[in-house]
Structure formats: structure tokens, C-alpha cells
Amino acid sequence: MMDHYIADDTICAISTPTGTGGIAVIRVSGPNAIGIVDSVWKGCKLDSVKSHTAHLGEIIDGDNPEEPIDQCVATVFRSPNSYTGEDVVEISVHGSRWIQRESIALLMRAGCRMAQPGEYTRRAVMNGRMDLAQAEGVADIIASSSRAAHRIAMSQMKGSISKKLSVLREQLVQLSVLLELELDFSEEDVEFADRNRMLHIAEDIISELQRLHNSFRDGNAIKEGIPVAIIGATNAGKSSLLNALLDDERAIVSDIHGTTRDTIEETLEIGDYLFRFIDTAGLRDTEDPIEQIGIDRSRKAISRSVITIFLIDATTLPQSKLDMSFIKDNLPEELLNEPQDFHSLIIGLNKIDLLDNYSTLTDDSRQELSKVNIIDKIPLHSIVPVSATQTIGITHLKQILTDIAKANDISGTDDIIITNLRQAKALKNAIDSIQPLIDGLKNGLDTMLVAEHLRETISHLSSITGTIPSTEILNTIFSRFCIG
Ligand SMILES: Nc1nc2c(ncn2[C@@H]2O[C@H](COP(=O)(O)OP(=O)(O)OP(=O)(O)O)[C@@H](O)[C@H]2O)c(=O)[nH]1
Ligand SMILES: [Mg+2]
């Protein structure tokens, strides 16, 4: 079992980013952590100090005791009250590359092994300091690049998903115990678990699991960047818009129609959110098979996006006036066929620097927008006049994007959110195995089979928090860590 995991070696690594810094932290963890650091330490004997205390001293190479490597602070955490659950010493050295390199080399000569990515957290899981979902939260916190992503990861690290699932799991375990009893007394034809009550509980649980599973799309968008597809006809200025948003010459721009052949993705943090912009190949009829592949990818990008910017070259508008029926006629079919619950549509009118009636166009868009807020079931959020090359209206467009993100933000609610593919898959498996349980209960299925479905559901739920983690699951999760 996990609580009895004892590593036989002591690991060390630099836990701060590579490079030079004011301070670098070297973390040493394992059964011999304190002894090993003591053997290279000049100062008070760390073996005799209290847990959770910090001590000034020097790191000394025994072969060259006259020349200390650094003056530094060692903080001692005794097992089991440390991050890993083992004895841990954290040494804060001055952050020169030389000091970091020499200190690690010295610790390794004294008996440490270099830690693998994620090994500290892995040991924490093995020692029951946290469960797998929490460990995934740690990886997400280290990787989080926006406030919203950080908020979700924090809640996961503190165990919100684990608590929720353990309540659901506990209910199922109790039912399972009753069913097993029934099976033991099968000859006597007794019913310990009231079938109606079971059905009730199973239905409550499946709807909760479904809610959690549905949160994955939004949760993952917050973590990986909210996907925003930029689509439209060739030469509308899509790549120019991407460059203007990023303030970088990322995509090739030219007046040749069909310049962008493949989708280009770039992330950008705006306000509290991370967005993932997808520049696409311009939509047009083409004989060119390569261009056709690109266009197919553009259409797919629509279905992967949460926000779609449909960009129109405003100089192609009839009489350069905003004409909603013209826009509607030119909307790509894929957008109209998409399930609309996730989509917000922004219509961008580009190249307004080339128009004389730029201000009337702006007024028209405001007026049209107040009349139309839905085009064929797609919620039309805004009509924005911009100039990608003259960077007019870009700040406004960014504001609109964060407004949409904020309006749909689930990270600030108390609801628990799944952001992790492994967890989403396990939830799906649990849902798939609880459904036949529900059907079975309705149709008076044999106790033996009901019990089997129940066991399967419990095992899928357990795999999320890793009540019984397999080596394979552990390896997959910790291979995602770069540090920690
Ligand atoms: N005057 C003006 N020209 C623009 C603006 N935006 C883009 N252009 C020009 O329009 C041409 C096409 O721009 P792109 O960004 O390559 O257009 P695209 O939509 O990516 O085109 P494809 O990749 O072929 O689908 C280029 O010559 C740009 O310089 C703008 O706001 N004003
Ligand atoms: Mg392009």
C-alpha cells in the first residue's frame, strides 16, 4: 500500500529555473537527506536540529575545505511532515551557475542521485501526501500561464476533485457492500439494498459525473488557451490580423490569394486569460489539392474553436456598406452546422483604413448589432471594424475577447472543473459503466451483474485519484513534469 512506500535512495535537484538568479534552491529528499547534507555542511549539525527550521552555514568540499563553495541557508523538514513525506533539506544557495553545478556535484559524490522530473511529487504520492489528481494539479500549477488556469490548478491541488469523487465513490462502495452481502446470502433470497434507492443514487451520481465530464471542454480551453479560429475568404487579412494581435510578424502575409496553406496556432495572454489563435487557409473553391487540404483544416478549426472571428475584407462589401444579408450569405456552412452551445461569433470588418466612410461603417455595425444578435442560431457577439495593418480596432477586439471569456468563465465558480484528459477519460469510463447499472436496475437485472457494473464504476472513479495507482498510470502522469 502507498503509506508504506520507502525509497532506498536519496535524490537531489535544483528546484528553481535553470540559469543565474539571486537564489537557487537545491532540494534533497530521501532516507539519508540530512546525513548527506551534514557531510558537506559547515555550521550546526543538521541531524540535531528541529524540523521546519532554517540554518545559516557553508557548503564545503572536504577535499578543499579552505575554499567554501557558498554561504547558504539549509531548511530541514523531517519525515513525514515534508513535501515528499521523506526527510528533506532545502538549501538556498546564491544563484550562480558555478555554485549550483558544484553543489549538486558535491551532493552526488556524497551519495545523492539526481532526481528525475516529477520524482519529488511522485514520492509525495507514493507516501500518501497527496493523490494523483492533486499531483496533476501540481503539474498544472507549475505550467499555468494565466490567472484563470492558475485558479483551477490551485483548487485541484488542494484536492477539490478528490473530495468530490471520494463522496461519490463512498456511496457506491456502500451499495456494493450491501450487494456482496446479498450474494453471500443468495440462497435465502433476501434483498439488503433497496433497488429503488440504488437507482436514485446511481442517477444522482451519473448526472454529477456528466457535469464534471462536460466541464472538461471549458476547463481544458482555460488551461491550454481558449481556441479562437480566424476564418474568412482568401486575402481578407486573416494572417495580418493574427500578426496584429500577437504584435509579431508570425504568419506570412501577401496580396496573393491563398498565401496561408496550413493552420497556424499561437497563444497569447490577454487580461486573465490565455487565448489560442488559429490562423487558417482562406476559404475558396480551388483545384489545387494541397490548398484543398488546408481549407479542410480551416473548416475543422471552426469545430475546435470556442470563439470564431469571421473576417471580411470591408472593401468587398457592396457599396462598402454593412449588409447583413451579404455577410450571412458568405458565412461558411461549417459554422452554421456546428453545435452552437459553445460558439461565439465575432464579425471582423478589415481594411477599414481603405474606406472613406469608415465612421459610418462603425455606426452601422453598432446599429446592426443592436438589431441582430443571432445569425442562424449562432450567437453573434460583435461586429468590429479593424485595420490589421494599421492596427486600428485591435485593442477593442482584445477587449471583446476577454469579455466573452469572462462571461463564460467557469474558473471563478465553486463548481469543480476537469482540465485533464486522463481524468476526463476515466470519468467517461465511469459514466459508461454506470449507465448499464441504471438500465439493469430498471429492468431487474441479476444481482451478480449489478454488482459487477458497480465494481467497474468504482474502479474507474478510483483511478482518477489513484487509490490504487498502477505503475503505468504513475509513469504517464509523471512523464509530463519538467521539474518538481
Ligand atoms: N490596407 C490594408 N491592407 C491589409 C489589411 N490587412 C491585410 N491587408 C493586406 O491584404 C493582403 C492579404 O493579407 P493576408 O493577411 O495575407 O490575408 P489572408 O486572409 O491571410 O489571406 P490568405 O492566407 O490568402 O487566405 C496583404 O497584402 C495585406 O498587406 C488592412 O487592414 N489594411
Ligand atoms: Mg493568410
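Residues numbered from 1 in each chain as written. Chains lettered and ligands numbered in written order. Predicted model: local features only at pLDDT ≥ 70, side-chain atom pairs only at ≥ 80, totals over all residues. Heavy atoms only, no water.

A. Fine view of the coordination of the magnesium ion (ligand 2). Here the magnesium ion (ligand 2) is held by Ser239 (OG) and Thr260 (OG1), and the distances to it run 1.9 to 2.0 Å. On the criterion of sequence distance, the pair formed by Ser239 in helix α8 (residues 238-246) and Thr260 in the loop between α8 and β9 (264-270) is long-range, its members being 21 residues apart. A residue is classified by how much of its surface remains accessible, and Ser239, at 9% relative accessible area, is buried. Judged by its relative accessible area of 11%, Thr260 is buried. (Donors = N, O, S within 2.8 Å, 3.2 Å for Na, K, Ca; no water. Helix = DSSP H or I, 4+ residues; strand = E, 2+ residues; numbered from the N terminus. Buried < 20%, exposed > 50% of the residue type's maximum accessible area, 1.4 Å probe, protein only.)

B. Broad picture of empty space enclosed by the protein. For the coordinates displayed, the defined rule picks out 1 cavity of 30 Å³ or more. By volume, the largest cavity is sized at about 40 Å³. The wall of the largest cavity is formed by Asp140, Ala149, Ile152, Ala153, Gln156, Gly219, Lys223 and Thr419. Of all the secondary-structure elements, those providing two or more residues to the lining of the largest cavity are α5 (147-157) and α7 (195-224). Ranked by residues supplied to the lining of the largest cavity, first place goes to α5 with 4 residues. Residue composition of the lining of the largest cavity, by class: 3 nonpolar, 3 polar and 2 charged. (1 Å grid on protein atoms, 1.4 Å probe; cavity = no way out; pocket = protein on both sides within 12 Å on 5 of 7 lines; lining within 4 Å. Points joined across faces, edges and corners; volume = space filled by probe spheres on them. Nonpolar A, V, L, I, M, F, W, Y, C, P; charged D, E, K, R; others polar.)

C. Looking closely at the packing of aromatic side chains. Applying the stated criterion to the full structure yields 1 aromatic pair. Both rings, one in Phe275 and one in Phe277, keep their centres 6.1 Å apart while their planes meet at 25°; by these two values the pair is stacked. Overall, the relative accessible area of 0% leaves Phe275 in the buried class. Of the residues examined, Phe277 reaches a relative accessible area of 0% and is grouped as buried. The ring of Tyr120 has Arg27 sitting right over it, with the charged end atom 4.4 Å from the ring centre. (Phe/Tyr/Trp six-rings, centres within 6.5 Å; stacked < 30°, edge-to-face > 60°. Lys NZ or Arg CZ within 6 Å of the ring centre and 35° of its normal.)

D. Molecular detail of the site of ligand 1. As a matter of local geometry, ligand 1 sits amid 23 residues, with Lys238, Ser240, Gly258, Thr259 and Thr260 nearest to it. A distance of 2.8 Å separates a nitrogen atom of ligand 1 from a polar side-chain atom of Asp353. A distance of 2.9 Å separates a nitrogen atom of ligand 1 from a polar side-chain atom of Thr389. Burial of ligand 1 by the surrounding chains reaches 89%, relative to a free accessible area of 650 Å². Among the elements that take part in the shell around ligand 1, α8 stands out by supplying 3 residues, more than any other. Residue classes in the shell around ligand 1 are distributed as 5 nonpolar, 14 polar and 4 charged. (Near = heavy atom within 4 Å. Polar contact = N/O pair within 3.5 Å; in protein donor to acceptor, adjacent residues only side chain to side chain. Areas by Shrake-Rupley, 256 points an atom, 1.4 Å probe, with all protein chains shown as cover.)

E. Local environment of the domain arrangement of the chain. Assigned domains of the chain: these are domain 1 (2-129), domain 2 (142-219 + 417-478) and domain 3 (222-407). Here the C-alpha centroids of domain 1 and domain 3 sit 52 Å apart. (Domains from an automatic or database assignment.)

F. Seen up close, the sheet that holds β9. Ordered by their spatial adjacency, 7 strands build an open sheet running β9-β10-β8-β11-β12-β14-β13, and the pairing between neighbours is mixed. The two strands at the open ends of the sheet, each matched to only one other strand, are β9 and β13 (374-375). Of the strand pairs in this sheet, strand β11 (residues 307-313) and strand β12 (residues 344-350) are connected by 7 bridges, and their pairing is parallel. The residue bridging Ile312 from the neighbouring strand is Leu349, located in β12. Relative to strand β8 (residues 226-232), helix α9 (residues 289-304) is tilted by about 140°, and along the sheet it contacts β8, β9, β10 (273-279) and β11. Set on the sheet, helix α12 (residues 358-371) makes contact with β12 and β14 (378-385); between it and β14 the angle comes to about 165°. (Pairing = 2+ DSSP bridges. Contact = heavy atoms within 4.5 Å. Axes fitted to C-alpha atoms, helices over the stretch in contact; angles between N-to-C directions.)

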